[in-house]
Amino acid sequence: MARYHIETYGCTSNRGETQQIEQALREGGHHPADDPESADVAILNTCTVLEKTERNMLARAKELDKETPADLVITGCMALAQGEEFQSADIDAEVLHWDDVPQYVLNGECPTITPDTETVLNGVVGILPIARGCMSDCSYCITKQATGRIESPSVEENVEKARALVHAGAKEIRITGQDTGVYGWDTNQGTSLLPELLDRICSDIDGDFRVRVGMANPKGLHGVRDELAAVFAEHDKLYNFIHAPVQSGSDDVLADMRRQHAVSEYLEVVETLDDHLDYWTLSTDFIVGFPTEESADHEQSMALLRETRPEKINVTRFSKRPGTDAADMKGLGGQTKKDRSKEMSEAKMELMAEAYEEMVGRTSSVLLVEDGTDESLVGYDEAYRQVVIADAQERGLEIGDTVEVEIMSHNTVYAFGEPIERAQVAD
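Residues numbered from 1 in each chain as written. Predicted model: local features only at pLDDT ≥ 70, side-chain atom pairs only at ≥ 80, totals over all residues. Heavy atoms only, no water.

Taken in spatial order, the four strands make up an open sheet running S6-S7-S8-S9, and their pairing is mixed. The open sheet has two free edges, formed respectively by strand S6 (120–122) and strand S9 (210–213), since each of these has just one partner strand. The average undirected angle you get between the axes of adjacent strands in this sheet is 20°. In the sheet, strand S8 (residues 172–176) pairs with S9 via four bridges, with the strands oriented parallel. Pairing of Glu-172 across the sheet is with Arg-210, part of S9. (Pairing = 2+ DSSP bridges. Helix = DSSP H or I, 4+ residues; strand = E, 2+ residues; numbered from the N terminus. Axes fitted to C-alpha atoms, helices over the stretch in contact; angles between N-to-C directions.)

Okay, the nonpolar core next. Judged by nonpolar contacts, the single largest core of 66 residues is most densely connected at Tyr-140, Leu-198, Ile-201 and Val-211. Considering each element in turn, this core owes the most residues, six residues, to helix H12 (residues 263–276). In this structure, Ile-201 is in contact with Leu-128, Val-159, Ala-162, Ile-175, Phe-209 and Val-211, ignoring residues within four places of it in sequence. Grouped together as the second largest cluster of nonpolar side chains are 17 residues, Cys-77, Leu-96, Trp-98 and Tyr-414 included. (Core = buried A, V, L, I, M, F, W, Y, C linked by side-chain atoms within 4.5 Å. Buried < 20%, exposed > 50% of the residue type's maximum accessible area, 1.4 Å probe, protein only. Contact = heavy atoms within 4.5 Å.)

So, on to the packing of aromatic side chains. Following the criterion strictly, the structure yields six aromatic pairs and no others. With 4.8 Å between their ring centres and 70° between their planes, Tyr-239 and Tyr-384 make a pair best called edge-to-face. With Tyr-239 in the loop between helix H10 (225–234) and strand S10 (241–243) and Tyr-384 in the loop between strand S14 (377–380) and strand S15 (386–389), this residue pair connects regions lying 145 residues apart in the sequence. A centroid spacing of 5.4 Å and a plane angle of 70° characterise the contact between Tyr-414 and Phe-416, whose relative ring orientation is edge-to-face. Tyr-414 sits in the buried class, given a relative accessible area of 5%. (Phe/Tyr/Trp six-rings, centres within 6.5 Å; stacked < 30°, edge-to-face > 60°.)

With respect to the secondary-structure elements, Ser-192 resides in the loop between S8 and helix H8 (194–204). Assessed through its relative accessible area of 7%, Ser-192 is described here as buried. Sequence-distant contacts of Ser-192, that is, excluding residues within four places in its chain, are made with Thr-180, Gly-181, Tyr-183, Trp-185, Gly-220 and Val-224. A distance of 2.9 Å separates the side chain of Ser-192 from the backbone oxygen of Gly-181, its partner in a polar contact. Here Leu-194 takes part through its backbone nitrogen, which lies 3.1 Å from a polar atom of the side chain of Ser-192. (Polar contact = N/O pair within 3.5 Å; in protein donor to acceptor, adjacent residues only side chain to side chain.)

Quick look at the side chain of Thr-308 now. One can find Thr-308 in helix H13 (residues 295–308). From its side chain, Thr-308 meets the backbone oxygen of Leu-304 in a polar contact 2.8 Å long. Apart from the residues within four sequence positions on either side, Thr-308 is in contact with Tyr-266, Leu-267 and Leu-282.

Take the UniProt feature "domain: TRAM" (unreviewed entry) in the protein chain next. Under the UniProt annotation, "domain: TRAM" (unreviewed entry) lies at residues 357–421. Annotated as 8% helix and 48% strand, the span residues 357–421 places its first and last C-alpha atoms 22 Å apart. (UniProt positions renumbered as here; feature names shortened; annotations may be inferred.)

Time to look at the confidence of the model for the protein chain. For the protein chain, per-residue confidence averages 88 on the pLDDT scale, and 91% of positions sit at 70 or higher. In this model residues 422–427 is a low-confidence stretch, pLDDT under 50, and it forms four contacts with partners more than four residues away in sequence or in other chains. (pLDDT = per-residue confidence, 0-100.)

Given 3.6 residues to a turn, an α-helix orients residues that are three or four positions apart in the same direction. Taking 1.5 Å as the rise per residue, helix H14 (residues 334–359) with 26 residues should run 38 Å; its terminal C-alpha atoms sit 37 Å apart, in good agreement. Within H14, burial applies to Lys-337, Arg-340, Ser-341, Met-344, Ser-345, Ala-347, Lys-348, Leu-351, Met-352, Ala-355, Tyr-356 and Met-359. (Expected span 1.5 Å × (residues − 1).)

Here we take up unusual backbone geometry. Of note in the backbone geometry, Asp-90 takes a positive phi value of approximately 60° without being a glycine. Here Asp-90 is to be found in the loop between helix H4 (84–88) and strand S5 (94–95). Using a relative accessible area of 52% as the deciding quantity, one classes Asp-90 as exposed. Its identity as a non-glycine residue notwithstanding, Thr-412 has a phi of 70°, on the positive side. Relative to the elements of secondary structure, Thr-412 occurs in the loop between strand S16 (402–410) and strand S17 (415–419). On the basis of relative accessible area, Thr-412 is assigned to the buried category, the value being 17%.

Pairing of strand S13 (residues 363–371) with S16, which is carried by five bridges, proceeds in the antiparallel orientation. Paired with Ser-364 across the strands is Val-405, a residue of S16. Counted along the chain from S16 to the antiparallel partner S17, the turn is four residues long, and its residue Thr-412 has a positive phi close to 70°.

It is common to give the size of an interface as the accessible area that goes away when the parts come together. With domains assigned, the protein chain is organised as domain 1 (3–106), domain 2 (125–358) and domain 3 (361–419). Its C-alpha centre places domain 2 at a distance of 25 Å from the equivalent point of domain 3. The interface is formed by 21 residues belonging to domain 2 together with 20 residues belonging to domain 3. For the pair domain 2 and domain 3, the summed buried area comes to about 1900 Å², and 56% of that belongs to carbon and sulfur atoms. Its largest share of buried area at the contact with domain 3, domain 2 owes to Arg-210, Tyr-279 and Tyr-356, together 43% of the area lost on that side. Where domain 2 meets domain 3, there are one salt bridge. Residues Arg-385 and Glu-311 are paired through a salt bridge, measuring 3.3 Å at the closest nitrogen-oxygen approach. (Domains from an automatic or database assignment. Buried area = accessible area lost by both parts, 1.4 Å probe. Salt bridge = Lys/Arg side-chain N within 4 Å of Asp/Glu carboxyl O.)

It is worth spelling out a negative patch on the surface at this point. Judged by side-chain charge, Asp-226, Glu-227, Glu-271, Asp-274, Asp-275 and Glu-307 come together as a negatively charged surface patch. At the level of secondary structure, the elements contributing two or more residues to the negative patch comprise H10 and H12. Within the secondary structure layout, Glu-227 lies in helix H10. (Patch = residues over 30% accessible without salt bridge, like charges linked within 9 Å, V, L, I, M, F, W, Y side chains within 5 Å. Areas by Shrake-Rupley, 256 points an atom, 1.4 Å probe, with all protein chains shown as cover. Lys, Arg positive; Asp, Glu negative; His and termini not counted. Charge placed at Lys NZ, Arg CZ, Asp CG, Glu CD.)

What follows is the structure in structure tokens.
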């Protein structure tokens, strides 16, 4: 597992976010490093309260960029409000929301789910682990050694857990698992029960809530892509969002990774959802610098990125995990990985900026789920794209509210929404 170094600046809220990040990392088997030089990933949780603070954050980010041989992640208030400043300063880093940091550090591995797969209610967000384990045997992933093969509770059992979360006050249910796409493979002769589960949750449970599907590998989705797309199209309660990590655009590298799917299967999943949904979000992951990745393989990944144009992209440089087959492979040089990561990350930011720019002028229904900075609240629209309402609390809005907004502007990785009533008064 990864060794991490984390630094936190700013208020008590930022320190609380760091504690949550560290808890998630430790639950995933990651360990703190003694210093940035010995870390696999350095995390900088930033503050932006004063102009001097911003300058200090940029200076520290530049130092960490030089000190850390592997990845640098920047999160926190400055990352969310002025993320483009780090790119302008030529700092090679991933700029992420607090919630996305643990997933990024997983380096393409499956998330770790607790053995009892119990639900968790965090504010208005209910976490529903639908199964434990996976059916993959990726050459770079150590999680499988800890979790084993898929163990799926029944659809009925998971529906009842979802119902209990809604009754307890959940407005958003996040379906999680090592690989939600293979839910039910162990009990349903190798066919996913995910479409049936989602349909049942949306049809059988009364209440005002939304459902987000967590990470699902392309292989599991491929066999039920038509059924799954139809369920998304039928139910407004479902966020039109799929996280399908492709990891590479090269079938040769995918074979060396033992990823089970081919590029063509990933494309067919994307095309099927395109056919059924007018507005949806594709989230995917790429690992750059896998030991057997040649220049041509990297170019295939870049071409796939541009062809499918995901709206949310996690780019991770390969790092070895002890005890995995990939750890015994001769690795690529650090500069090669850094260069390829930078090229893909720049393309990623361009694609995400274009996606959010296209949202401007759109009317969206946004569910508010967490605090932002100052008086703002953060929510997600129908396609699970992040929207900030700057003066939400001042206007009497609360976490758990669903509000119609007009998208007025964006900041590359999230949009700014204006409640429709205010936009009408301003006119």
